[in-house]
Amino acid sequence: MTKHTCIVTGGSSGIGLSIVKTFLERGYHVCNLDQKNSDMGEFYQCDVTNHQQVQSIVTSIAKKYQVSTLVSNAGIHFSASIENTSEADLQRVFDINVKGAYSAIQAVLPTMKQQKNGSIILISSDQALVGKRNSFAYNLSKAALASMAKTTALDFASYNIRANAVCPGTIETPLYHHAINNYCERSGANADEVHLEEASLQPLNRLGQPEEVAALVAFLASDDAKFITGSLQVIDGGYTAQ
Ligand code: NDP
């Protein structure tokens, strides 16, 4: 039986892919649940909106390995104000960003409770903490994840299960480029100029990199963070400090 296994959702791209690589480098066995194939770690084809599928994959992983860490990372962005967010849009964002995390946590809890040990890390956003225009459903979903981390931390602290949310600022990933391109298509703006402007909004005058988020996630999973639970860890180049 492998000592440390980490389950990552959405580990085939962007931040999730960096998390998978970082945990592999640190000697973990990594199981990646994503709808898109990847050869990094042990891949499981999974749509996190399918509760039964998440339950059965996580249960089968827990039978084979000792799962010490869950990183719920799979997520989508959706740009619109409340006025332009349909019921179906809201449902889709919540199904992936919020219900996906709920399903993964619920599935991993029995094994973590039995072990009396575990670290759950939810990839939220700095938009859980500050408002951002035209991002109604996304912001709401990320605030829900921050709440999920705190409540889960309190409910399972007696089992030595820790739960924390990571709140990244703007990180250069395919999701980021997709959001920029969508914005440029709608507004006619130039993507390179928008990119430079985005960077200039950050006190450190640059965007974050996926590896930087992955390093924080790996720290939270480690014994060095064994007294950290129920926290929201901001990693945003100073954006929310302004
Ligand atoms: P990416 O789009 O690069 O990666 C997300 C991964 O999740 C993709 O592989 C995607 O597959 C997968 N995924 C999406 N929906 C599902 C689903 N239903 N079931 C399984 N897998 C799914 O995004 P990022 O790396 O940028 O984002 C990762 C997380 O970080 C998200 O939760 C995002 O909200 C959060 N975040 C990102 C920030 C940023 O600036 N990039 C800032 C703050 C938070 P596919 O490509 O096929 O959709």
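Going by the structure above, here's the rest.
Residues numbered from 1 in each chain as written. Predicted model: local features only at pLDDT ≥ 70, side-chain atom pairs only at ≥ 80, totals over all residues. Heavy atoms only, no water.

A short note on the sheet that holds strand S4 (residues 67-72)
Each strand in a sheet pairs with its neighbour through backbone hydrogen bonds, running either in the same direction (parallel) or in the opposite one (antiparallel).
And step 1. Pairing is parallel across the open sheet formed by seven strands, whose spatial order is S3-S2-S1-S4-S5-S6-S7. Taken across any chain shown, the strands that pair with only one partner, and hence form the sheet edges, are strand S3 (42-45) and strand S7 (232-235). For this sheet, the mean angle separating the axes of adjacent strands, direction not counted, is 20°.
And step 2. The sheet contacts of helix H4 (residues 136-156) involve strand S5 (118-123), strand S6 (161-168) and S7, and relative to S6 the element is tilted by about 160°. (Pairing = 2+ DSSP bridges. Helix = DSSP H or I, 4+ residues; strand = E, 2+ residues; numbered from the N terminus. Axes fitted to C-alpha atoms, helices over the stretch in contact; angles between N-to-C directions. Contact = heavy atoms within 4.5 Å.)

Description of unusual backbone geometry
And step 1. Its identity as a non-glycine residue notwithstanding, Lys116 has a phi of 55°, on the positive side.
And step 2. With respect to the helices and strands, Lys116 occurs in the loop between helix H3 (87-115) and S5.
And step 3. Classification of Lys116 as partly exposed rests on a relative accessible area of 48%.
And step 4. Of note, the phi angle at Asn134 is positive, near 60°, even though the residue is not glycine.
And step 5. Structurally, Asn134 is set in the loop between S5 and H4.
And step 6. Residue classification places Asn134 among the partly exposed residues on the basis of a relative accessible area of 43%. (Buried < 20%, exposed > 50% of the residue type's maximum accessible area, 1.4 Å probe, protein only.)

Section: the environment of Ser147
And step 1. By the element assignment, Ser147 lies in helix H4.
And step 2. Under the relative-accessibility criterion, Ser147 is labelled partly exposed at 41%.
And step 3. Along the chain, Ser147 and Ala165 lie 18 residues apart, while their C-alpha atoms are 8.7 Å from each other.

Focus: the site of the ligand
And step 1. Taken together, 26 residues are adjacent to the ligand, and Ser13, Lys36, Asn73, Tyr138 and Thr173 come closest.
And step 2. Bound to the protein, the ligand loses 90% of the 880 Å² it would expose on its own.
And step 3. The set of elements that each furnish at least two residues to the shell around the ligand consists of helix H1 (14-25), H4 and helix H5 (174-187).
And step 4. Residue classes in the shell around the ligand are distributed as eleven nonpolar, eleven polar and four charged. (Near = heavy atom within 4 Å. Areas by Shrake-Rupley, 256 points an atom, 1.4 Å probe, with all protein chains shown as cover. Nonpolar A, V, L, I, M, F, W, Y, C, P; charged D, E, K, R; others polar.)

Considering the pattern of salt bridges
And step 1. In this structure the tally under the stated criterion is two salt bridges.
And step 2. A salt bridge links Glu42 to Lys64, with the nearest nitrogen and oxygen atoms 3.6 Å apart. With a gap of 22 residues between them, Glu42 in strand S3 and Lys64 in helix H2 (residues 51-64) connect regions that are remote in the sequence.
And step 3. Residue Arg206 pairs with Glu212 through a salt bridge whose shortest N-O separation is 2.8 Å. (Salt bridge = Lys/Arg side-chain N within 4 Å of Asp/Glu carboxyl O.)

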